[in-house]
Every structure is written in C-alpha cells, then in structure tokens.
Amino acid sequence: GKAFSWDNSENSSCSDCFEFGHEVGFYFGANAAAINCTGCVSDNAYTESNTSKNIWFDAGSHSCAIIGGWFDTKAYNIYVSEPNSLPSSRVVGAGLSPGSMYTSSINVLQGNFHLTGSSLTPVGYTAEVARRGSVYIADAPGNVLIVGNDLGLAKIVAQSPAAAARLIQSGNVTGGGP
C-alpha cells in the first residue's frame, strides 16, 4: 500500500514523517498541488519488488516538493508520471540511495521535474551498487532540470535524442562514490 498519499489536496505540508516497508512511501496523485514534505524518510527492507517507489509524482499532481530527507532501498527513489503541462514537482537536498538491481533510481516518464542539491552517492555501498543510481528520462514532453547534485557514479540515460533534449543540467558533481 501507500504510506502517505495526497489526492484532491493542496497547500498542505508534512515534516519528519517516516515510513518503512510500504509499496509506495510518498504518493502525490490526482489534483495534489503545492504539497511540501520536509525532512521525511522512506525506507524498505530490500525486496525483489520491481515496482516499489519512495516518491511518486503521478498524473494530475503538480508543484509538490520533497525537501531534505532520506530515501532508501526501493526499486525507484523517484518516479515521475505527471502531465507536462503542469508546473514542476521537485526534490531538493535529499539523500537518495540506489534503486534495485532492475531499475533506475530516478525514472521520469513524463512531465516537468527538478532535482536540485541532492545526493545519489550512497554511503557504505559497493561501486557496483552505486552505479545503479541512474536517472532515466523517457521520450515524452516536459523538462527535466538536474542542477547542483552529487551524482556520484550515477548515469543520466535518455530513451532517445528527443528525451535527451528534455534535460537541462548544470553544476553536478560526478565520479565520486565508493
């Protein structure tokens, strides 16, 4: 199930929330707007689930933010499938561990998304595991802004040249990690 879920809500916030073991940690669904979560944590005992998500910005959500916090050991850290015509949702200053061995850590299927000042460099992980922390950008409309992050060994992978054209990046640190 979903630990924290917003639908048909706007201008609300949560802080220092913790979830463990749910299929989805923080879900922003239909008509979720301007929801801000600060200093929250989503964790999971490692499972073979290829669909678990720490943060899911779904269709109809917009202008939502995760600020700070730690997001660990689910298949996807961030999953974005919101319409591109709406204002961006964003993750700022968060710690993101790598996804499972079958997925990208961040999957942007459609929509506008910003990742700023966050770290994909896990502490205590092997280099093999750290490389799983990739960012995948699908071939769909919308902009993806990746600025000022510690990407470590993570790679940014675009589905096509059109998907690569969605990417705006600057000031990211790469090559670190275990």
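Refer to the preceding data block for the structure.
Just so you know, these numbers come straight off a predicted model, no measurement behind them. (Residues numbered from 1 in each chain as written. Predicted model: local features only at pLDDT ≥ 70, side-chain atom pairs only at ≥ 80, totals over all residues. Heavy atoms only, no water.)

Novice: Could you clarify how one ought to interpret the pairing of strand 16 (residues 144-147) in this entry?
Specialist: Within a regular strand, side chains alternate between the sheet's two faces. Here strand 16 shows a buried face lined by Val144 and Ile146 and an unburied face lined by Leu145 and Val147. Of the pairings in the sheet, the one linking strand 14 (residues 113-116) to strand 16 comprises four bridges and is parallel in character. Following the sheet pairing, Thr116 is matched in strand 16 by Val147. (Buried < 20%, exposed > 50% of the residue type's maximum accessible area, 1.4 Å probe, protein only. Helix = DSSP H or I, 4+ residues; strand = E, 2+ residues; numbered from the N terminus. Pairing = 2+ DSSP bridges.)

Novice: How should I be thinking about the pattern of salt bridges in this particular structure?
Specialist: Counted by the stated rule, this structure contains one salt bridge. Residues Glu19 and Lys74 are paired through a salt bridge, measuring 3.1 Å at the closest nitrogen-oxygen approach. Residue Glu19 is found in strand 3 (residues 18-20), and its partner Lys74 is found in the loop between strand 9 (70-71) and strand 10 (76-81); the two are separated by 55 residues along the sequence. Residue classification places Lys74 among the buried positions, given a relative accessible area of 1%. (Salt bridge = Lys/Arg side-chain N within 4 Å of Asp/Glu carboxyl O.)

Novice: Looking at this structure, how should I read the environment of Gly60?
Specialist: For Gly60, the location among the structural elements is in the loop between strand 7 (53-57) and strand 8 (65-67). Separated by 28 residues in the primary sequence, Gly60 and Ala32 place their C-alpha atoms 6.9 Å from one another. If we skip the residues at most four places from it in the chain, Gly60 touches Gly29, Ala30, Asn31, Ala32, Pro83 and Leu86. (Contact = heavy atoms within 4.5 Å.)

Novice: Even after reading the chapter, I still don't get the side chain of Arg166, so can you show me in this structure?
Specialist: Tracing the sequence through the fold places Arg166 in the loop between helix 2 (161-164) and strand 19 (167-170). Leave out the neighbours within four places in its chain, and Arg166 touches Val108, Leu109, Gln110, Gly111, Ile137, Ala138, Ala140, Pro141, Gly142, Asn143 and Val144.

Novice: Sorry, what's going on with the sheet that holds strand 15 (residues 135-137) here?
Specialist: In a beta sheet, neighbouring strands pair by backbone hydrogen bonds and run either parallel or antiparallel. In space, the seven strands of this open sheet follow the order 1-4-7-10-13-15-18, with parallel pairing throughout. Looking at which strands have only one partner, the edges of the open sheet turn out to be strand 1 (2-6) and strand 18 (156-158). Put simply, the sheet's adjacent strands are angled 10° from each other on average, direction ignored. In the sheet, strand 13 (residues 106-110) pairs with strand 15 via three bridges, with the strands oriented parallel. Looking across to strand 15, one finds that Val108 is bridged to Ile137. (Axes fitted to C-alpha atoms, helices over the stretch in contact; angles between N-to-C directions.)

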